[in-house]
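Here's the letter readout for the chains.
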Amino acid sequence: MMKKTILTLMGIVLLTFLAACNAGEASSANKEEQKVLKMATSADFPPFESYDIQGNFTGFDVELAQAIADELGYELKIQDMDFDGLIGSLQAKRVDIVLAGMSATEERRENVDFSEPYHRSGEMFIAKADQQIEDLSNLEGKVVGVQLGTIQEEGAEKLAEEYGFEVKKVDSANILVQELNSNRIDVAYMDKTVATGYITSQGFTGFDDPTTSSPGMAIAFPKGSELVEEVNAILKQFEEDGTLTALEDKWLSEYK
């Protein structure tokens, strides 16, 4: 009788253990079912991407990426890096997408694929108010700062030859502003939306670059990514249902 009781108890323990294992496996399987969308950005570019006071990613691109991930049913994970390292991260397939206020230039298209544009800004020159810089003719002999790897870097190098200014390259938009405030550069050349924000917050003056037409900001992918078609369909949906307009109203209205 004692032997039967012991065998019965052992059987119950074994069944309980197997049930717990199966539950754990099911839980792990459920976790694995939700794919991860790995995004890279350069979080020094408000209002498109930056950090809030709690240290969380915030901005137009961040909310757009989250909305896209939700539509795909993916968990969004964001990595912050220098802007000039973003293309390389896609080429090495360390990330799935880049949202970083990136213009879809023909040169970049040689290395990555792009979605349809989701925003257009243009470019702008900004300076301290006492510089009295009002147009391109005032740039001769000046030092113009640009962010490495940006469309503004390309544009400034071309304009420098014609208008006789020196180009200084830095890692981030925040450093550009520091360089401007400390008089290490005379002018900063950047995306118009971002520049307008600094004009408001820092008291700078500025003027639009009349020589260029931005190809528009787009989402970048590794070459041949299957996500491009899906994301383009989502962007079209967001354009039709007002999602993009709502994001622009929330993040960009004060910069227009």
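Note that the structure is predicted; figures quoted are calculated from it, not measured.

K.L.:
Could you clarify how one ought to interpret the overall build of the chain in this entry?
P.N.:
A tally of regular secondary structure across the chain gives 9 helices and 12 strands. Out of the 256 residues belonging to the chain, those deemed buried represent 43%. Nonlocal contacts in the chain, meaning residues at least 24 apart in sequence, comprise 73% of its contacts between residues at least 6 apart. When the accessible surface of the chain is summed, it comes to about 13,500 Å², and 49% of that surface belongs to carbon and sulfur atoms.

K.L.:
Even after reading the chapter, I still don't get the sheet that holds strand β10 (residues 187-191), so can you show me in this structure?
P.N.:
Picture the strands of a sheet paired through backbone hydrogen bonds; they go either parallel or antiparallel. The mixed open sheet is built from 5 strands, whose spatial order is β9-β8-β10-β7-β11. Edge positions in the sheet fall to β9 (166-170) and β11 (205-208), since each of these pairs with one other strand and no more. The average angle at which neighbouring strand axes cross in this sheet is 30 degrees, direction not considered. Summarising the sheet, strand β7 (residues 123-127) and β10 pair through 4 bridges and their orientation is antiparallel. Bridge pairing in β10 links Met124 to Met190. The strands touched by helix α6 (residues 173-181) within the sheet are β7, β8 (143-147), β9 and β10, with β10 carrying the most contacts at an inclination of about 155 degrees.

K.L.:
Sorry, what's going on with the packing of helix α2 (residues 60-72) against helix α8 (residues 227-241) here?
P.N.:
Remark: α2 packs on α8, axes separated minimally by 10 Å, with the N-to-C direction vectors making an angle of 110 degrees. With respect to each other, α2 and α8 are oriented roughly perpendicular. For the element pair α2 and α8, the recorded crossing hand is right-handed. From α2, Leu64, Ala67, Ile68, Glu71 and Leu72 reach across to α8, where they touch Leu227, Glu230, Val231, Ile234, Leu235, Gln237 and Phe238. When its residues are assigned to classes, the contact of α2 with α8 shows 9 nonpolar, 1 polar and 2 charged.

K.L.:
Is there a simple way to explain the nonpolar core in this structure?
P.N.:
One recurring pattern in soluble globular proteins is that nonpolar side chains are buried together. Formed by 43 residues in total, the largest nonpolar core has its most connected members in Phe60, Leu64, Ile68, Tyr118, Ile126 and Ile219. Contributing elements (two or more residues each) for this core: β1 (36-41), α2, β7, α6, β10, α7 (192-202), α8 and α9 (243-251). Those residues in contact with Phe60, other than ones at most four positions away along the chain, are Pro47, Phe48, Tyr118, Leu244, Leu247, Glu248, Trp251 and Leu252.

K.L.:
So what exactly am I meant to see when it comes to the side chain of Ser172 here?
P.N.:
The residue Ser172 is located in the loop between β9 and α6 in this model. With a relative accessible area of 11%, Ser172 lands in the buried category. Here Ser172 is in contact with Asp44 and Gln147, once residues within four sequence places are set aside.

K.L.:
How should the confidence of the model for the chain be read in this particular structure?
P.N.:
Scored by pLDDT, the chain comes out at a mean of 88, with 86% of its residues at no less than 70. Here residues 1-15 is a poorly scored stretch, pLDDT under 50, and it has 0 contacts once near neighbours within four places are set aside; other chains count.

K.L.:
It is not clear to me how α7 should be interpreted in this structure. Could you clarify?
P.N.:
By the burial criterion, the buried members of α7 are Thr193, Val194, Ala195, Thr196, Gly197 and Tyr198. Summarising the contacts, the buried residues of α7 are in contact with β7, α6 and β10. Just beyond α7, the residue with positive phi is Gly203, at close to 75 degrees.

K.L.:
Would you explain unusual backbone geometry in this entry?
P.N.:
The phi torsion of most residues other than glycine is negative, and most of the peptide bonds are trans. For the bond from Pro46 to Pro47, the omega torsion is 10 degrees, close enough to zero to count as cis. Here Pro47 shows up in the loop between β1 and β2 (50-51). Positive phi values are uncommon outside glycine, yet Lys93 reaches one of about 60 degrees. Among the structural elements, Lys93 can be located in the loop between α3 (86-91) and β5 (97-98). Positive phi is not limited to glycine here, since Asn183 has a value of about 65 degrees. For Asn183, the location among the structural elements is in the loop between α6 and β10.

Thresholds, definitions, all that
- Residues numbered from 1 in each chain as written.
- Predicted model: local features only at pLDDT ≥ 70, side-chain atom pairs only at ≥ 80, totals over all residues.
- Heavy atoms only, no water.
- Helix = DSSP H or I, 4+ residues; strand = E, 2+ residues; numbered from the N terminus.
- Buried < 20%, exposed > 50% of the residue type's maximum accessible area, 1.4 Å probe, protein only.
- Contact = heavy atoms within 4.5 Å.
- Areas by Shrake-Rupley, 256 points an atom, 1.4 Å probe, with all protein chains shown as cover.
- Pairing = 2+ DSSP bridges.
- Axes fitted to C-alpha atoms, helices over the stretch in contact; angles between N-to-C directions.
- Parallel < 35°, antiparallel > 145°, perpendicular 65-115°, else oblique.
- Left-handed = near helix turned anticlockwise from the far one by under 90°.
- Nonpolar A, V, L, I, M, F, W, Y, C, P; charged D, E, K, R; others polar.
- Core = buried A, V, L, I, M, F, W, Y, C linked by side-chain atoms within 4.5 Å.
- pLDDT = per-residue confidence, 0-100.

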